[in-house]
Amino acid sequence: MMLFVCVNTYAQYSKLLDFDGANNGGYPTSDLLFYNGLLYGMAGGGANNMGVLFKIQTDGTGYTKLLDFNGAGNGNNPAFGPLITDGEYLYGVTIYGGVNNMGVLFKIKFDGSGYIKLLDFDGTVKGQYPISSLLSDGTYLCGMTYQGGVNNAGVVYKIKTDGSGYQKLLDFNGTGNGQAPRGALISDGNYLYGTTTGGGANNIGVVFKIKTDGSGYQKLLDFDGTGNGASPDRSLFINDDFLYGTTYMGGTSENGVIFRIKPDGTSYQKLLDFNGS
């Protein structure tokens, strides 16, 4: 596997790194974080074949492996989303590992020192298998888990950056409010917005919003398949008073759609049906 970048309007390709497995990682699935002129990311492989955290300069020099994940101690299998930062620490999650092998939430300094495990996910109480990245409001880190919670359908949670103050904001329950979220949360300052890949009226996902204190949950959209898409598994973004997103399936060709919807749940519009060709 390799890390690459395309630059300028002529898409000049530059290969920055060949991943090799044990030494520098392999099979990267998470997005990169660009901060202070460096790229930070996570991949599989590493000394324990449980993943690595690394940094590299944008010209491909200066690769540094900051952490080898090791399972129970510091996590296993980094999540799909990017690391986030508050300027002092990098924050991330792993899908497995930790004392319960259900994932961990951690922070680490830019030079690879100061690793702190902030949370061991545990299943029913705190959720399990966090797949997506975190969102920070400056005080709390907010996230979701793919499973766990009282219905084993995932949870929305928040926790302070020092590992204290964990709060479960929502237990997903399937038909009523969705299940199995994969994309990250986003915020407009008042609400958290997200999607689930399953659950809802048709069991193919929902768009929802919820306040940061866990109140005010609203299901904005039930995906229905052909008409408006199915199983969204990536994050939303906000622009021009609309939420924009994609679905993995559904649409007229069952290859997914691009859509937009207002934050109050009105004005849904399917912008594109992917057709596979």
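It should be emphasised that the depicted structure is a prediction, and the values quoted were computed from it without experimental measurement.

## A few points about the overall build of the protein chain
Scanning the protein chain from terminus to terminus reveals zero helices and 23 strands. What you see for the protein chain is a C-alpha radius of gyration of 19 Å, in line with the 19 Å of a compact globule of 277 residues. If one aligns the C-alpha atoms of the protein chain with their principal axes, the spans along those axes are about 50 × 50 × 30 Å. Considering the protein chain as a whole, with its 277 residues, one finds that 48% of them fall into the buried category. Of the contacts made within the protein chain by residues no fewer than 6 positions apart, 35% connect residues no fewer than 24 positions apart. Surface accessibility of the protein chain: about 12000 Å² in total, with carbon and sulfur atoms responsible for 47%. Charged side chains of the protein chain number 18 positive and 23 negative; the gap between the two group centres comes to 3 Å.

## What to know about the packing of aromatic side chains
Summed over all chains, the structure comprises 17 aromatic pairs. Through a chain of ring-to-ring contacts, three or more aromatic side chains come together here, namely Phe 19, Phe 54 and Tyr 63. Sitting over the ring of Tyr 140, Lys 158 keeps its end group 4.3 Å from the ring centre. The ring centre of Tyr 191 lies 4.3 Å from the NZ or CZ of Lys 209, which sits over that ring.

## Points about the sheet that holds strand S13 (residues 140-145)
The four strands are arranged S12-S13-S14-S15 in an open sheet whose pairing can be described as antiparallel. Each end of this open sheet is capped by a strand with a single partner; those strands are strand S12 (135-136) and strand S15 (167-171).

## Remarks on the pairing of strand S21 (residues 242-246)
The buried fraction of S21 amounts to four of the five residues, a majority that puts the element mostly inside the structure. Alignment of strand S20 (residues 237-239) against S21, held across three bridges, turns out to be antiparallel. Looking at S21, one finds that Ile 238 is bridged to Leu 243. Hairpin connection, S20 to S21: the antiparallel pair is bridged by two residues, and Asp 240 has positive phi, about 55 degrees. Bridge analysis of S21 against strand S22 (residues 257-261) gives four bridges, and the strand direction is antiparallel. Within the sheet, the bridge partner assigned to Leu 243 lies in S22 and is Ile 261.

## Here's the deal with unusual backbone geometry
Unusually for a residue other than glycine, Asn 77 sits at a positive phi of about 65 degrees. Looking at the secondary structure, you find Asn 77 in strand S7 (residues 76-78). Even without being a glycine, Asn 101 presents a positive backbone phi close to 55 degrees.

## Here we look at the pattern of salt bridges
According to the stated counting rule, one finds seven salt bridges in the structure shown. Here Lys 15 makes a salt bridge to Asp 18, at a shortest N to O gap of 3.2 Å.

## Re the environment of Pro 263
Within the fold, Pro 263 resides in the loop between S22 and strand S23 (269-273). For Pro 263 and Gly 216, which are 47 residues apart along the polypeptide, the C-alpha to C-alpha distance reads 13 Å. When sequence neighbours within four positions are dropped, the list of residues in contact with Pro 263 reads Tyr 193, Lys 209, Leu 220, Asp 241, Phe 242 and Leu 243.

## Focus: the nonpolar core
Among the nonpolar cores identified, the biggest contains 17 residues, and Tyr 91, Val 93, Leu 105, Phe 121, Leu 134, Leu 141 and Tyr 157 are the most heavily contacted of them. Going through the elements one at a time, strand S9 (89-96), strand S11 (116-120) and strand S14 (155-160) are the ones with two or more residues in this core. Broken down by element, this core gets its largest block of residues, four residues, from S9. Not counting the four nearest positions on each side in its chain, Leu 141 is found in contact with Ile 84, Tyr 91, Leu 105, Leu 118, Leu 134, Leu 135, Ser 136, Tyr 157, Lys 158, Ile 159 and Thr 161.

## Digging into the sheet that holds strand S18 (residues 206-211)
Spatially, the four strands line up as an open sheet ordered S16-S17-S18-S19, and their pairing is antiparallel. Of all the strands in the sheet, the pair left with one neighbour each is strand S16 (186-187) and strand S19 (218-222). Summarising the sheet, strand S17 (residues 191-196) and S18 pair through six bridges and their orientation is antiparallel. What sits directly across from Thr 195, in S18, is Val 207.

Thresholds, definitions, all that
Residues numbered from 1 in each chain as written. Predicted model: local features only at pLDDT ≥ 70, side-chain atom pairs only at ≥ 80, totals over all residues. Heavy atoms only, no water. Helix = DSSP H or I, 4+ residues; strand = E, 2+ residues; numbered from the N terminus. Rg over C-alpha atoms; globule rule 2.2 N^0.38 Å. Buried < 20%, exposed > 50% of the residue type's maximum accessible area, 1.4 Å probe, protein only. Contact = heavy atoms within 4.5 Å. Areas by Shrake-Rupley, 256 points an atom, 1.4 Å probe, with all protein chains shown as cover. Lys, Arg positive; Asp, Glu negative; His and termini not counted. Charge placed at Lys NZ, Arg CZ, Asp CG, Glu CD. Phe/Tyr/Trp six-rings, centres within 6.5 Å; stacked < 30°, edge-to-face > 60°. Lys NZ or Arg CZ within 6 Å of the ring centre and 35° of its normal. Pairing = 2+ DSSP bridges. Salt bridge = Lys/Arg side-chain N within 4 Å of Asp/Glu carboxyl O. Core = buried A, V, L, I, M, F, W, Y, C linked by side-chain atoms within 4.5 Å.

All we've got here are geometric facts, nothing functional implied.
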